[in-house]
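Secondary and tertiary structure notes
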Amino acid sequence: MSDFLISIEEYRSSQKKRPKAKSGWRNIGDQRLFFRSAWEANYARYLHFQKEQKLIKEWLYEPKTFWFNSIKRGVRSYLPDFQIFKEDGNEGCHEVKVYLDDKCKTKLKRMRIYYPEEKIRLIDKTWFKENPNLKAFINGWE
């Protein structure tokens, strides 16, 4: 073999290990859902745990899109990550974000203008840092 050719095995072993895929299909409870990040999947596990403990009535993943009909360009809709239904009849949306980019900021700002009655809770790295022990008792935590 030439000095410039290596075997497939040598090539594969020389490559850095790729991090675990963050997006993908997960089974949570009796649902099979495609999550865009491990954070979303973990938060869904947390919500499922809350439902099992009767702390919330139900949760849905990406259940509805809010449209900003008068907007002609740019951000014209918003699809929240989760909708939560509490036992007392209250409901709200939860958005899981590693960081807020300009597009997300625009969506949230437009939600306050077009749908002021909708409650949106941001779940970010602070929430995950404040709840480090969840992985100890929630199955499948990534």
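Here the structure is a predicted model, which means the values were calculated and not measured.

Now for the nonpolar core. The biggest cluster of nonpolar side chains holds 20 residues, and the ones touching the most others in it are Phe35, Tyr43, Tyr46, Leu47, Trp59 and Phe82. The element best represented in this core is helix H2 (residues 38–52), accounting for five residues. Setting aside anything within four residues of it in sequence, one finds Phe35 in contact with Lys22, Ser23, Gly24, Arg26, Ile28, Glu40, Ala41, Ala44, Tyr61 and Phe82. Counting ten residues, the second largest nonpolar core, distinct from the first, contains Phe68, Ile71, Leu108 and Met111.

Turning our attention to the environment of Asn27. Take Asn27: it is sitting in strand S1 (residues 24–28). On the basis of relative accessible area, Asn27 is assigned to the exposed category, the value being 55%. Each C-alpha atom, one on Asn27 and one on Arg45, is 9.4 Å from the other, the two residues being 18 residues apart in sequence. Within polar-contact distance, the side chain of Asn27 engages the side chain of Arg32 at 3.4 Å.

With 15 residues, H2 should reach 21 Å at 1.5 Å per residue; the first-to-last C-alpha distance of 21 Å fits that figure. Among the residues making up H2, those that are buried are Ala38, Glu40, Ala41, Asn42, Tyr43, Ala44, Arg45, Tyr46, Leu47 and Gln50.

Another aspect to go through is the pairing of strand S6 (residues 82–85). Note that strand S3 (residues 58–61) and S6 share four bridges and pair antiparallel. Across the sheet, residue Tyr61 finds its bridge partner in S6, namely Phe82. Bridge analysis of S6 against strand S7 (residues 91–96) gives four bridges, and the strand direction is antiparallel. The partner of Phe85 across the bridge, within S7, is Glu91.

What counts, and where the lines are drawn
Throughout this document, residue positions are counted from 1 along each chain, in the order its sequence is written. Reporting of local features is limited, given that this is a predicted model, to residues whose pLDDT is at least 70; pairs of side-chain atoms are given and counted only at 80 or more, and all residues count toward the totals for whole chains, interfaces and linings. Side-chain measures were taken over the full set of non-hydrogen atoms in the model, leaving aside hydrogen atoms and water. In this text, buried Ala, Val, Leu, Ile, Met, Phe, Trp, Tyr and Cys residues form a nonpolar core when linked through side-chain atoms within 4.5 Å. A 1.4 Å probe rolled over the protein chains alone gives each residue an accessible area, and that area as a share of the maximum for its type sets the label: buried under 20%, exposed over 50%, partly exposed in between. Starting at the N terminus, helices and strands are each numbered in turn, a helix being any DSSP run of H or I of at least four residues and a strand any DSSP run of E of at least two. When checking whether two residues touch, look at their non-hydrogen atoms; a contact exists if any pair is within 4.5 Å. Each polar contact in these results corresponds to two N or O atoms within 3.5 Å; when the atoms are within protein, one needs to be able to donate a hydrogen and the other to accept it, and residues that are neighboring in sequence are counted only if both atoms are side-chain atoms. The span one expects for a helix is its residue count, reduced by one, times 1.5 Å. In short, DSSP must find at least two bridges between two strands for them to pair.

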